[in-house]
Amino acid sequence: MDHDNGRMPHDTTSSGTLASFEALVLRKPGDAIESRVETLSEVDLPEGDVLVKVAFSDLGYKDGLAITGSGHRQLVSTFPFVPGVDLAGTVEKSSAPAFQPGDQVILTGWGVGERHWGGYAQKARVRSEWLVRLPGGMSLRQSMIYGSAGLSAMLCVNALERYGISKERSVLVTGASGGVGSIAVALLHRLGYRVTASTSRPNDAEYLVGLGADEIVDANHFKTAPDKPLLPERWAGAIDNVGGTTLAHVLASVSYGGAIASLGLVGGSTLETTVLPFIKRGVAVLGVDSEICPTELRSAAWSRLVEVLPDGVPEVAVHEVGLQDLSDRARAILRGETKGRTIVVLWR
Ligand SMILES: NC(=O)c1ccc[n+]([C@@H]2O[C@H](COP(=O)([O-])OP(=O)(O)OC[C@H]3O[C@@H](n4cnc5c(N)ncnc54)[C@H](OP(=O)(O)O)[C@@H]3O)[C@@H](O)[C@H]2O)c1
């Protein structure tokens, strides 16, 4: 199998009797990345010890970057390529003792959809160590409503709790109407925190209040750097999806002894700040990663999602698409026009 030569193996060789399936394939015939739905067969798939029949995938900000080739560096560098950071489905074949045909599994992160073919295909061949079992009480569909976004939101909440942030003031969620933000608002609300949602769409406040936000702030105030290194203390903690000048504002406004779970960069990866929030207010920044975080942590976080939100994420936050719609939706997520979670239905 040669994945780097710009053509599918089945372009020139027979796929035999293996069943064909559909996938969103990225190709790069010139400078720009092109995406279209193609028919593949199992022989086209990369190596791995488990073959999964994919039921659902999802669309996060990183998928938007991968499909369009945007960002400061192109995420995908080998073509043809099947993107899709997350997938959920049923094991069809396995040479790994830990998984048997019929097992329901989730895969998020590990460079899938970036370096290894991902979830925008009806079948995926992957490495067994990347898989976690679907937690009891969660459907495959629900697992992709969470996806990397829900896992990350849960890890952020866990980090803030471990740090022991106070419930006396509210917790700020930035980029609140996005995928991670929407789930973070719902989780914090259910756990009894007062939640402040920062959004660049304050006219859409009803959506965030419906998810559990107590207060809405206009994110446009954070688009330029703060004029002082320390601003009035407003929040006990924060979950920051945005980075850049937004994170600089949040750092200057979190109250004494508070903490910020930092996981996103939709507003920029550069952070210009001072040490004053750290040395005058003891504020901590807790970095959160869901891509390569250890399996024990991620399995515990998946199970906790079911405990905290037994009914799952409210449907108002869910938008369903098929493979054909993904390229348009990818451009929309990068423009900040999507709300909540987009899930991809592989078999209709
Ligand atoms: N560290 C990790 O392991 C990890 C895992 C998952 C995701 N992430 C990162 O977390 C971030 C959020 O991911 P997501 O999937 O939730 O993305 P998303 O659905 O696109 O949500 C991001 C939200 O941020 C706001 N926003 C968009 N563009 C902005 C801009 N230029 N400046 C300021 N705000 C902007 C918008 O919310 P409003 O309209 O409400 O302002 C948007 O809905 C991304 O940076 C993603 O890469 C990191």
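In this report, we go over the structure that sits alongside the text. Please read these numbers as outputs of a predicted model, since none were measured by experiment. In every chain, residue numbers begin from 1 and rise along the written sequence. Side-chain atom pairs in this predicted model are given and counted only at pLDDT of 80 or more, local residue features only at pLDDT of at least 70, and totals for whole chains, interfaces and linings cover all residues. Side-chain measures here rest on the full set of heavy atoms in the structure, leaving out hydrogens and waters.

Description of helix H2 (residues 140–163)
In plain terms, the rule: Two axes are fitted around each residue, one to the seven residues ending there and one to the seven starting there, and the angle between them is reported as the bend at that residue. Put simply, DSSP marks the helices as runs of H or I at least four residues long and the strands as runs of E at least two long, and each gets a number from the N terminus on. With a 1.4 Å probe rolled over the protein chains alone, any residue whose accessible area is under 20% of its type maximum counts as buried; one over 50% counts as exposed, and the rest are partly exposed.
At Gly147, H2 is bent by approximately 70°, the largest bend along its length. Counting buried positions over the 24 residues of H2 gives 20, a clear majority of the element. At the exit of H2 stands Gly164, carrying a positive phi of roughly 85°.

Digging into the site of the ligand
Formally: Whether a residue is near a molecule or strand depends on its heavy atoms: it is near if one of them lies within 4 Å of it. We define a polar contact as two N or O atoms separated by no more than 3.5 Å, with the added condition that, inside protein, one atom must be a possible hydrogen donor and the other a possible acceptor, whereas residues neighbouring each other in sequence contribute only through side-chain atom pairs. For accessible areas, the Shrake-Rupley method is used with a probe of radius 1.4 Å. Any residue's cover is judged against the shown protein chains and nothing else. Residue classes follow a fixed rule: Ala, Val, Leu, Ile, Met, Phe, Trp, Tyr, Cys and Pro count as nonpolar, while Asp, Glu, Lys and Arg count as charged, and any other residue, Gly among them, counts as polar.
Around the ligand sit 24 residues, and of these Ser177, Val180, Thr199, Ser200 and Ser290 come closest. Between an oxygen atom of the ligand and a side-chain N or O atom of Ser177, the distance comes to 2.4 Å. A distance of 3.0 Å separates a nitrogen atom of the ligand from a polar backbone atom of Val288. Protein contact buries 85% of the 920 Å² of open area that the ligand shows by itself. When the residues that make up the shell around the ligand are grouped by side-chain class, the tally is 9 nonpolar, 12 polar and 3 charged.

Overview of the packing of H2 against helix H3 (residues 179–190)
Inclusion rule: To get an axis, fit a line to the C-alpha atoms, keeping to the stretch in contact for a helix; angles then go from 0 to 180 degrees between the N-to-C directions. Oblique is the label for every angle not falling under 35 degrees (roughly parallel), over 145 degrees (roughly antiparallel), or within 65 to 115 degrees (roughly perpendicular). For any pair of crossing helices, the crossing counts as left-handed if the nearer helix is rotated counterclockwise from the farther one by less than a right angle, and right-handed if it is rotated clockwise. Should any heavy atoms of two residues lie within 4.5 Å, those residues are considered in contact.
Remark: H2 packs on H3, axes separated minimally by 8 Å, with the N-to-C direction vectors making an angle of 50°. When the interaxial angle is binned, H2 and H3 end up oblique. In this structure, H2 crosses over H3, and the sense of that crossing is right-handed. Contact residues: H2 offers Ile145, Tyr146, Ala149, Gly150, Ala153, Met154 and Val157, while H3 offers Gly179, Val180, Ile183, Ala184, Leu187 and Leu188.

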